[in-house]
Amino acid sequence: MIPVTKPFLPPREEYNKYLNDIWERQWLTNHGPLVNELESKLKEHLNVSSALFLSNGTIAIQIAIKALELTGEIITTPFSYVATTSTIVWENCKPVFVDIDPLTFNIDPAKIEAAITEKTTAIMATHVFGNACDIDAIAAIAKKHGLKVIYDAAHGFGTLYNGKSVFEYGDISTCSFHATKIFHTVEGGAVFTTQPQLLEKMLLLRNFGHTSPVTFDGIGINAKNSEFHAAMGLCCMNHMDEIFKNRKTQWQHYQAALRESNKVQLLTVTKGCDFNCAYFPVVFESEAVLQKVLAALNLQYVQPRRYFFPSLNTVNYVDNRSSPHSESIAQRVLCLPLYHNLRKEDQDMILKVIMKNL
Ligand SMILES: *Cc1c(COP(=O)(O)O)cnc(C)c1O
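Below is a short write-up of the structure. (Residues numbered from 1 in each chain as written. Predicted model: local features only at pLDDT ≥ 70, side-chain atom pairs only at ≥ 80, totals over all residues. Heavy atoms only, no water.)

1. Regarding the side chain of Lys224
- Residue placement: Lys224 occurs in the loop between β12 (215-216) and α7 (227-237).
- Glu227 is the oppositely charged side chain nearest to the buried, salt-bridge-free Lys224, at an N-O distance of 11 Å.
- Separated by 2.8 Å, the side chains of Lys224 and Asn30 make a polar contact.
- Once residues lying within four places of it in the same chain are set aside, the contact partners of Lys224 are Asn30, His31, Ser55, Arg206, Asn207 and Phe208. (Helix = DSSP H or I, 4+ residues; strand = E, 2+ residues; numbered from the N terminus. Buried < 20%, exposed > 50% of the residue type's maximum accessible area, 1.4 Å probe, protein only. Lys, Arg positive; Asp, Glu negative; His and termini not counted. Salt bridge = Lys/Arg side-chain N within 4 Å of Asp/Glu carboxyl O. Polar contact = N/O pair within 3.5 Å; in protein donor to acceptor, adjacent residues only side chain to side chain. Contact = heavy atoms within 4.5 Å.)

And the structure:
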């Protein structure tokens, strides 16, 4: 079986070494030495100002919303994983959808201003598939209207924008380290900010608002992560160069084969973005063609995924605001298998099946 992605597992002995240390220390969770080490390695590796390791990428978005004390309306993208929208609603805010750019698949900054009302407090955009948003344009709009910016950068590990990690942009960026993501800690996530006072606030939010074992400053939640998860992250970190290298080679192989076809649309990388090759989306001419290709691939035990379907403006707990580009792309897009040890022969077989069914 060839799934859309396979989690990278480090050599067992590398993880065992960390397990031995954990058994010796008997410190399992609550900001242990491995969590601290992971946070400093993340800062170093990504060259970012801060990194707070959390239990997953969904709570990371919730903490970002809480830290910025957002209320009212949040302008967001309809083309993302459902967590981008569900967290907004979970935090008692209203998602207001702005359609995407049909080439980059990210929120279209040219359409944001028309959606701003007196209730708008923030923009939450996703760097879909690891491709950076038009960050400069979003920053200019946010500044002009006094809005906060959160980036759901769940796919953004390793992506640069104007030479810096995408995590350095917006008031807060969030990431997911779920097993399906390019860098993972089994389950996990993080928040990133360049603003020290926001970092302080999120530290408290992550741990019940504890300022000492017996004192609290405001409401918090349990968003901590464990030594076991941090250990997996530390192991994976040592293999990221190789993971990125393979990913790029595989990505370029798909790209070279499909680029010439006038029957599929491929991702256009945003200007200024150094792309991490996290996903390989292919947009077909129609949903019928997608279904045909998907069925043919499934027959060969290949399981691409419909990332992202449905368009989030159509889920049943939001006010649907028509987003024609997002709805159209969501109906026609498949992400092809892409993972550290995917073989070239398998890619060639996948490409052959696609070509035959276009
Ligand atoms: C994976 C993902 C999330 C959620 O992260 P979890 O770690 O699974 O909670 C949020 N947004 C996007 C765009 C994602 O792909």
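2. Things to note about the packing of helix α8 (residues 240-258) against helix α11 (residues 344-357)
- Relative orientation of the contacting elements α8 and α11 amounts to 30 degrees, with a least axis distance of 11 Å. Looking at the two axes, α8 sits roughly parallel to α11. The way α8 lies across α11 gives a crossing that is right-handed. Between α8, through Gln250, His253, Tyr254, Ala257 and Leu258, and α11, the contact on the second element is made entirely by Lys344, Gln347, Asp348, Ile350, Leu351, Ile354 and Met355.
- Grouping the constituent residues of the contact of α8 with α11 by class yields seven nonpolar, three polar and two charged. (Axes fitted to C-alpha atoms, helices over the stretch in contact; angles between N-to-C directions. Parallel < 35°, antiparallel > 145°, perpendicular 65-115°, else oblique. Left-handed = near helix turned anticlockwise from the far one by under 90°. Nonpolar A, V, L, I, M, F, W, Y, C, P; charged D, E, K, R; others polar.)

3. Comments concerning empty space enclosed by the protein
- Going through the model one piece at a time under the given rule, you end up with two cavities of 30 Å³ or more.
- As a volume, the largest cavity reaches approximately 160 Å³.
- Lining the largest cavity are 20 residues, with Thr5, Thr180, Lys181, Arg247 and Leu338 sitting closest to its centre.
- Breaking the lining of the largest cavity down by element, the ones donating at least two residues are α8 and β17 (333-336). (1 Å grid on protein atoms, 1.4 Å probe; cavity = no way out; pocket = protein on both sides within 12 Å on 5 of 7 lines; lining within 4 Å. Points joined across faces, edges and corners; volume = space filled by probe spheres on them.)

4. A look at the sheet that holds β17
- If you walk across this open sheet you meet the three strands as β13-β15-β17, and the pairing is antiparallel. The open sheet terminates on both sides in strands that have one partner only, identified here as β13 (265-266) and β17.
- Across two bridges, the pairing between β13 and strand β15 (residues 280-283) is antiparallel. The residue bridging Leu266 from the neighbouring strand is Val282, located in β15.
- Strands in contact with helix α10 (residues 324-332) are β13, β15 and β17; relative to β17, the strand with the most contacts, it is inclined by about 50 degrees. (Pairing = 2+ DSSP bridges.)

5. Some details on the pairing of strand β9 (residues 172-176)
- By the criterion of burial, β9 is predominantly enclosed, with five of the five residues buried.
- Neither face of β9 is open: one carries Ile172, Thr174 and Ser176, the other Ser173 and Cys175, and all of them are buried.
- The sheet contact formed by strand β6 (residues 148-152) and β9 spans three bridges and is parallel. Across the sheet, Asp152 pairs through a bridge with Thr174, a residue of β9.
- Judged from the four bridges that link them, β9 and strand β10 (residues 189-192) form a sheet pairing that is antiparallel. For Ser176, the partnering residue across the bridge sits in β10 and is Gly189.

6. So, the site of the ligand
- Around the ligand, the surrounding shell holds 14 residues, and the nearest of these are Thr58, Asp152, His155, Ser176 and Lys181.
- At a separation of 2.5 Å, an oxygen atom of the ligand approaches a polar side-chain atom of Thr58.
- Take Asp152: an N or O atom from its side chain is 2.7 Å from a nitrogen atom of the ligand.
- For the ligand, the accessible surface in isolation is 380 Å², of which the surrounding protein chains cover 91%.
- The pocket occupied by the ligand, as judged from atoms lying within 2 Å of grid points, is the largest pocket.
- Residues belonging to the shell around the ligand are distributed by class as follows: three nonpolar, nine polar and two charged. (Near = heavy atom within 4 Å. Areas by Shrake-Rupley, 256 points an atom, 1.4 Å probe, with all protein chains shown as cover. Sits in = over half its atoms within 2 Å of the grid points.)

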